[in-house]
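# Observations on the three-dimensional arrangement
Each chain, letter by letter, is given below.
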Amino acid sequence: MIDFVIFMRKHRFTISLKYKFLAVLLTIMSSGFSIFFYLAYRTLTEDKKLSVMTLSLTLLKATTSEIQLELKGRLDELQVLIPRIYSSLPSKDAQDPYQGISRHLPEELLSVTFYRVSNVSAPSPQTKSPDVMGPAEPAGPIESKAPTAPIKSTDLAKPVESAGPIATAVSMTPLPKYEVVKQYRNETLIKEKKWVDTFFVKLEQQHPLPIEAFSQQAEGMGLFNRSISYGANDIDTDIPIITFVLNGTFVNDESKDTVIVVDLLQEFLSRKLRSNDLNAELFLISQQGILLSHPDVRQLVKYSLGSYDHPIVSKIKGKKNTREMFELDIKGIPYLCNINDTGFNDIMVVSQIPKSLVFSAIEQLSRDTMLMAGFIFCIAMISSILFASRL
């Protein structure tokens, strides 16, 4: 041990002052570059984030305006079409109800069903489906098992909740019972799509409308996503369907006891949600967390008439006039999200963009910059050592 200490003292490794000075210069240079790179990266990232969020909000506003225009246009056309359909039923030789209406509606309208308060005390046996332009024979009244207060149009999209058992013997007045009065089915479209007669049966079986939609005191409009998976020859196709539930006053004041249910193919909404330049995913959702329209039809079918499994639901439930920008973690993936209230029947438009997509260009620039900086640093260090050795 003593010999080793003596050896180290005799052969002690010393660093020349010039190399120490060079090391200090290189340390200062590398530290300064690292700090500059970090600050520049943060600035670029925040600037990019703000830019994308602003563009996303602008896109959301434009999409909101287009959706409002589409929905208002469909309602204006339905306000003309529905009285024609009602007055022409059950005649099959009536004038074309689509005369003077845009060509889009005949390609989207599936059915129009008129419900009215029934005086029948018990459900009647189910009968065969009505013919095209013919009256629908009642399939039994729709009734509620528990009393419910009159609802507003904003409550129409809420899921049905069980009222539970009645513990007291207090006399209660149940909701009115509704039955089909007349029904129109767009057989031309059904044949064109090569769907068979069981299409409407499957639609009603899979997604019967909740009783709240038939409240006699309902005002305004309710929207429901009733998309289904349907097909012939064991090949199912996802069909996006949006259902309008309208009070009879939508047509005239004398029809206030009537509820009108209109089923439409909702491709006109999905098309607007798909068309954007930011590669953002947009969808429509109610303030109750019900998915109404989505570019992916599979999502519409999966969450039809049910609460959307999305973390954004907790942020919008019960809120009104919402317009927010925030980051959200969706299944372990960070997203930049925007919410905008359409002002139309409590419908919200949501846009979401993966952060990895937003910052992909910055990440690539950072990697290239780091490689270039490392290469320059190595060249500088080697050159400095070579020049310093000659001093």
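Above this text is the structure in question.
The notes below deal with the structure included here. (Residues numbered from 1 in each chain as written. Predicted model: local features only at pLDDT ≥ 70, side-chain atom pairs only at ≥ 80, totals over all residues. Heavy atoms only, no water.)

## Quick notes on the pairing of strand β11 (residues 333–341)
The buried fraction of β11 is high, at seven of nine residues. The pairing of strand β10 (residues 323–330) with β11 spans eight bridges and is classified as antiparallel. Looking across to β11, one finds that Arg323 is bridged to Asn340. Inspection of the sheet shows β11 paired to strand β12 (residues 347–354) by seven bridges, in the antiparallel sense. For Asn340, the partnering residue across the bridge sits in β12 and is Val349. Turn length for the β11-β12 hairpin, with the two strands adjacent in sequence and antiparallel, is five residues, and the turn residue Gly343 shows positive phi of about 70°. (Buried < 20%, exposed > 50% of the residue type's maximum accessible area, 1.4 Å probe, protein only. Helix = DSSP H or I, 4+ residues; strand = E, 2+ residues; numbered from the N terminus. Pairing = 2+ DSSP bridges.)

## Some details on the sheet that holds strand β9 (residues 291–293)
Strand order in the open sheet made by the five strands is β9-β8-β12-β11-β10, with antiparallel pairing throughout. Each edge of the sheet is formed by a strand with only one pairing partner; in this case those strands are β9 and β10. Taking each pair of neighbouring strands and ignoring which way they run, the sheet shows an average axis angle of 35°. Sitting on the sheet, helix α2 (residues 17–88) is in contact with β8 (281–286), β10, β11 and β12, with an inclination near 45° to β11. (Axes fitted to C-alpha atoms, helices over the stretch in contact; angles between N-to-C directions. Contact = heavy atoms within 4.5 Å.)

## As for a nonpolar patch on the surface
Among the surface-exposed residues, Met372, Phe375, Ile376 and Ile379 lie close enough to one another that they form a single nonpolar patch of about 420 Å² accessible area. For Met372, the position within the fold is in helix α10 (residues 360–389). (Patch = residues over 30% accessible without salt bridge, like charges linked within 9 Å, V, L, I, M, F, W, Y side chains within 5 Å. Areas by Shrake-Rupley, 256 points an atom, 1.4 Å probe, with all protein chains shown as cover. Salt bridge = Lys/Arg side-chain N within 4 Å of Asp/Glu carboxyl O.)

## With respect to the packing of aromatic side chains
Inspection of every chain in the model, using the stated rule, returns seven aromatic pairs. Where Trp195 meets Phe199, the ring centres are 4.7 Å apart and the plane angle is 10°; that geometry is what we call stacked. The class for Trp195 is buried, based on a relative accessible area of 14%. Plain terms: the ring middles of Phe283 and Tyr308 are 5.5 Å apart, the flat faces sit at 80° to each other, and that makes the pair edge-to-face. Of the two residues, Phe283 sits in strand β8 while Tyr308 sits in the loop between α7 (297–302) and α8 (313–316), which places them 25 residues apart along the sequence. (Phe/Tyr/Trp six-rings, centres within 6.5 Å; stacked < 30°, edge-to-face > 60°.)

## Some words on the packing of α2 against helix α6 (residues 267–274)
Axis separation between α2 and α6 bottoms out at 10 Å; the angle between their running directions is 170°. Between α2 and α6, the angle falls in the class roughly antiparallel. Where α2 crosses over α6, the two elements pack in a sense that is right-handed. Taking contact as the criterion, the partners of Thr63, Glu66, Ile67, Glu70, Leu71 and Arg74 in α2 are, on α6, Phe268, Leu269, Lys272 and Leu273. (Parallel < 35°, antiparallel > 145°, perpendicular 65-115°, else oblique. Left-handed = near helix turned anticlockwise from the far one by under 90°.)

## So, the sheet that holds strand β3 (residues 221–225)
A sheet is described by the order of its strands in space; here five strands give the open sequence β2-β1-β7-β6-β3, paired in antiparallel fashion. The outermost strands of the open sheet, each flanked by one partner alone, are β2 (177–185) and β3. Taken over all neighbouring pairs, the strand axes of this sheet differ in orientation by 20° on average, direction set aside. Strand contacts of helix α5 (residues 198–206): β1 (109–118), β2, β6 (241–247) and β7 (258–265), with the helix running at about 55° to β1, the strand carrying the most contacts.

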